[in-house]
Amino acid sequence: MPVEFRELRWAITASQHRSLRQAAETLRIKQSTLSRRLRHLEYKLGGALFKRTNGGTRPTIEGQEFLDAARRIVDDTEALASRLKAHSRGESGRLTIGIHTSLSAGNLRATLLEHRHRFPDVETHLVDGLSDHLISDLASSAIDVAFVAEPNPRWSDRSLLLWSERVVAALPANHPLTGRDVVHWGELKREPLLMSQRGPGPEFHKLLISKMGGSDPCPPLRHDVVLDRLLSLVGVSWGILLALESATGAAYPGVTFREVHDAEGPTRLSFRAYWREDNCNPSLRPLLDLLRERYPDLSAAPGTD
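Please read all numbers here as calculations on a predicted model, not as lab measurements.

Engineer: A description of the nonpolar core should follow, citing residues and the corresponding values.
Structural biologist: One broad rule of soluble globular proteins: the nonpolar side chains tend to lie buried together. Counting 40 residues, the largest nonpolar core has Phe147, Val167, Leu188, Leu242 and Leu291 as its most contacted members. With 6 residues, strand E6 (residues 158-172) is the largest single contributor of residues to this core. Residues in contact with Leu291, not counting those within four places in the same chain, are Thr111, Phe147, Leu160, Leu162, Ala273 and Pro296. Counting residues in each nonpolar core, the second largest holds 16 residues, with Ala24, Leu38, Ala70 and Val74 among its members.

And the structure:
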């Protein structure tokens, strides 16, 4: 006859307490019920697990060998069940995130740190790229969620409005514009502009054209390198770089940051989280819940994103 998992746990508890009364109290069952179930287990196994005396209940030699093996089975099974529950709740597993901005400071960095603090067993893999590339990766399920500057007309699935970041100009420390508190768009005309072909570089170029009224903008110096390398070029007077305020969290030799303003004040780029409704990765849901907690979209109707 098959042995029930519950019977193994009861036998293990009885061996730990060496007293059926104390074991029954721990298990919150009647002593008579425990005694009857243990004898039934011994009947199934065809041998005595316990030696019953006036001084208590102790395992036999054969019983101790069985109970040691039973303890390993129970511990391994409970650990496996715990891991499965944690994974189904999104508390473990792997999450692939597409990023579109710097992590040296700002909202995205704070969000990822908070997620890591709450879910340390989730392995987070970051992917950097252009907005269109990240949206393509999202559509093909190569990534789970993307944090991208809005708007993105290519995406018609789920999204959540998050934060906005101020646009800043990274200037060589000896540049005349560093003497100003802020920089206006018109003052960047004819300045050599370093432009990354990654991250929000294309968005900056569109913004530059729109802010200058369609006139000939700064001469772009395009590079397929990450932000840190472009900031190093700014430090040696190679050119000016448009960036987001999240890039100002680290110091770069020879680089000074100034906000870029238009007639209405600071220029900002807004960000959204994009994801697929049919994404089955359990680790995604806790991240989305965290985003809704930290950045509630007050403009959305109840029950929508």
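Engineer: A description of the packing of aromatic side chains should follow, citing residues and the corresponding values.
Structural biologist: Applying the stated criterion across every chain, the model contains 3 aromatic pairs. Every member of this aromatic cluster is reached through a ring pair, and the members are Phe147, Trp163, Phe271 and Tyr295.

Engineer: A description of the side chain of Ser19 should follow, citing residues and the corresponding values.
Structural biologist: By secondary structure assignment, the location of Ser19 is in the loop between helix H1 (5-17) and helix H2 (20-27). If we skip the residues at most four places from it in the chain, Ser19 touches Ala14 and Thr57.

Engineer: Can you lay out the pattern of salt bridges for me, pointing to particular residues and giving the numbers?
Structural biologist: Taken as a whole, this structure holds 20 salt bridges when the rule is applied. Two residues, Arg154 and Asp132, come together in a salt bridge whose shortest N-O distance is 3.7 Å. Highlighted residues: Arg154 in the loop between strand E5 (145-149) and E6 and Asp132 in helix H6 (residues 131-139), separated in sequence by 22 residues. You can call Asp132 partly exposed: its relative accessible area is 41%.

Engineer: So what's going on with the packing of H1 against H2? Which residues, and what values?
Structural biologist: Between H1 and H2, the shortest axis-to-axis distance is 8 Å and the interhelical angle comes to 130°. Of the possible angle classes, the one that applies to H1 and H2 is oblique. As for the relative orientation of H1 and H2, their crossing is right-handed in sense. Only Leu20, Gln22, Ala23, Thr26 and Leu27 of H2 make contact with H1, whose side of the interface consists of Trp10, Thr13, Ala14 and His17. The residue inventory of the contact of H1 with H2, partitioned by class, reads 5 nonpolar, 4 polar and no charged.

Engineer: So what about unusual backbone geometry? Which residues, and what values?
Structural biologist: Backbone geometry at Arg28 places phi at a positive 60°, although glycine is not the residue there. Here Arg28 is to be found in the loop between H2 and helix H3 (31-45). Overall, Arg28 belongs to the exposed group, its relative accessible area being 79%. Although it is not a glycine, Arg190 adopts a positive phi angle of roughly 70°.

Engineer: Which residues make up H2, and what values do they have?
Structural biologist: By the burial criterion, the buried members of H2 are Leu20, Ala23 and Ala24. Down the axis of H2, the smallest arc covering the buried residues is 100°, so these residues share one side. Elements that come into contact with the buried residues of H2 comprise H1, H3 and strand E2 (56-59). Of the residues flanking the end of H2, it is Arg28, one or two places downstream, whose phi is positive at about 60°.

Engineer: Describe the environment of Ala24, with residues and values.
Structural biologist: Looking at the element boundaries, Ala24 is found in helix H2. Of the residues examined, Ala24 reaches a relative accessible area of 2% and is grouped as buried. It is 63 Å that separates the C-alpha atoms of Ala24 and Gly199, two residues lying 175 residues apart in sequence.

Engineer: Describe the pairing of strand E11 (residues 255-262), naming the residues involved and giving the relevant values.
Structural biologist: With 5 bridges joining them, E6 and E11 adopt antiparallel strand pairing. Each bridged residue has a counterpart across the sheet, and for Pro172 the counterpart in E11 is Val255. Taken together, the 3 bridges between strand E7 (residues 182-184) and E11 define a ladder with parallel strand orientation. Note on E11: the bridge partner recorded for Val182 is Glu259. As paired elements, E11 and strand E12 (residues 265-266) share 2 bridges and run antiparallel to each other. The residue of E12 that forms the bridge with His261 is Pro266.

Criteria and thresholds
Residues numbered from 1 in each chain as written. Predicted model: local features only at pLDDT ≥ 70, side-chain atom pairs only at ≥ 80, totals over all residues. Heavy atoms only, no water. Core = buried A, V, L, I, M, F, W, Y, C linked by side-chain atoms within 4.5 Å. Buried < 20%, exposed > 50% of the residue type's maximum accessible area, 1.4 Å probe, protein only. Helix = DSSP H or I, 4+ residues; strand = E, 2+ residues; numbered from the N terminus. Contact = heavy atoms within 4.5 Å. Phe/Tyr/Trp six-rings, centres within 6.5 Å; stacked < 30°, edge-to-face > 60°. Salt bridge = Lys/Arg side-chain N within 4 Å of Asp/Glu carboxyl O. Axes fitted to C-alpha atoms, helices over the stretch in contact; angles between N-to-C directions. Parallel < 35°, antiparallel > 145°, perpendicular 65-115°, else oblique. Left-handed = near helix turned anticlockwise from the far one by under 90°. Nonpolar A, V, L, I, M, F, W, Y, C, P; charged D, E, K, R; others polar. Arc of directions from axis to C-beta. Pairing = 2+ DSSP bridges.

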